[in-house]
Amino acid sequence: QKEVEQNSGPLSVPEGAIASLNCTYSDRGSQSFFWYRQYSGKSPELIMSIYSNGDKEDGRFTAQLNKASQYVSLLIRDSQPSDSATYLCAVNSIQGAQKLVFGQGTRLTINP
Amino acid sequence: DAGVIQSPRHEVTEMGQEVTLRCKPISGHDYLFWYRQTMMRGLELLIYFNNNVPIDDSGMPEDRFSAKMPNASFSTLKIQPSEPRDSAVYFCASSLGQDRGGKQYFGPGTRLTVT
């Protein structure tokens, strides 16, 4: 089992709809969870961080964390074509707390 | 504030040559990370430093790879000799550490092609 798993997609969502991205992780002791956005040919850009159970909202983005079920999700409301990118889930490793383990990423396409 | 700076942005070299990648972390960040990204393996951590000291190099693929951080504002990743399978995008990232949120910020990357 991979430490951090994401559906690789591609996930296709119509413009204006809600895009839902999911991630599961294996280390129960993980404390920090991040979502990065990566445009083709660019570097990962941090868009959300979450540390406790529940929802965290930032503009059109909402991160959701459920430690009991070991999943973290990202919702993008009112999706725009500019949201088309690969979204990487990252979780800190309990083997080395400073290390982040990244999922393979979900490719999201927003269709106008 | 300037973000993480990497150079060169692109590097094309022949097999067997030495390659040196450079990174300047965000000022004040005391953690520096080197990653490699390929389509097949995704984003992999190679090594990370805390206060210029290498903490975990378990991701370094083999002895051909070495990394140094002589001071708080500069790090290098060296590959000698390079091989075609080293072709990838190499990212440097920096952070303040998990006790201060653990957010890692990435540089623009160096796209390495070894022919």
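On to the overall build of chain B. If you tally the helices and strands in chain B, you get zero helices and eleven strands. In chain B, the order of α-helices and β-strands from amino to carboxyl end is β-β-β-β-β-β-β-β-β-β-β. Its C-alpha atoms give chain B a radius of gyration of 13 Å, within 12% of the compact-globule value 13 Å for 115 residues. Dimensions of chain B along its principal axes, counting C-alpha atoms only, are 40 × 30 × 30 Å. Counting the 115 residues in chain B, one finds 50% classified as buried. A separation threshold of at least 6 residues defines the contact pool for chain B, and within that pool the share at least 24 residues apart is 55%. A total of about 5,700 Å² of accessible surface is found on chain B, and carbon and sulfur atoms cover 49% of it. Looking at charge distribution, chain B has the averaged site of its 12 positive side-chain charges lying 4 Å from that of its 13 negative ones.

So, about the confidence of the model for chain A. A residue-level look at chain A finds 96% of positions with pLDDT of 70 or above and a mean pLDDT of 94. The least confident element of chain A, judged by mean pLDDT, is strand β10 (residues 96-102) of chain A at 84; the most confident is strand β7 (residues 61-66) of chain A at 98.

What follows covers the sheet that holds strand β8 (residues 74-79) of chain B. All names here are of chain B. Taken in spatial order, the four strands line up as β1-β3-β8-β7 in an open sheet, and their pairing is antiparallel. On the outer flanks of this sheet lie β1 (5-7) and β7 (65-71), each paired with one strand and no other. Sheet twist, expressed as the average angle between the axes of neighbouring strands with direction ignored, equals 15°. Here five bridges tie β7 to β8, and the two strands are oriented antiparallel to one another. Of the residues in β8, the one forming a bridge with Ala-67 is Leu-77.

Attention now moves to the nonpolar core. Membership of the largest hydrophobic core comes to 24 residues, with the highest contact counts inside it found for Trp35(A), Val72(A), Leu74(A), Ile76(A) and Tyr87(A). Elements with a minimum of two residues in this core: β3 (19-25), β4 (33-38), β5 (45-50), β7, β8 (71-76), β9 (85-93) and β11 (106-111) of chain A. Judged by nonpolar contacts, the second largest core, of 21 residues, contains Ile47(B), Met60(B), Met69(B) and Ala88(B).

With that settled, the discussion passes to the sheet that holds β3(A). All names here are of chain A. Spatial ordering of the open sheet is given by β1-β3-β8-β7-β6, a layout of five strands whose pairing is antiparallel. For this open sheet the edge positions go to β1 (4-6) and β6 (54-58), each flanked by a neighbour on one side alone. On average, each strand axis in the sheet is tilted by 20° relative to the strand beside it, whichever way the strands run. When β7 meets β8, the two strands line up antiparallel, connected through six bridges.

So, how was this worked out
- Residues numbered from 1 in each chain as written.
- Chains lettered and ligands numbered in written order.
- Predicted model: local features only at pLDDT ≥ 70, side-chain atom pairs only at ≥ 80, totals over all residues.
- Heavy atoms only, no water.
- Helix = DSSP H or I, 4+ residues; strand = E, 2+ residues; numbered from the N terminus.
- Rg over C-alpha atoms; globule rule 2.2 N^0.38 Å.
- Buried < 20%, exposed > 50% of the residue type's maximum accessible area, 1.4 Å probe, protein only.
- Contact = heavy atoms within 4.5 Å.
- Areas by Shrake-Rupley, 256 points an atom, 1.4 Å probe, with all protein chains shown as cover.
- Lys, Arg positive; Asp, Glu negative; His and termini not counted.
- Charge placed at Lys NZ, Arg CZ, Asp CG, Glu CD.
- pLDDT = per-residue confidence, 0-100.
- Pairing = 2+ DSSP bridges.
- Axes fitted to C-alpha atoms, helices over the stretch in contact; angles between N-to-C directions.
- Core = buried A, V, L, I, M, F, W, Y, C linked by side-chain atoms within 4.5 Å.

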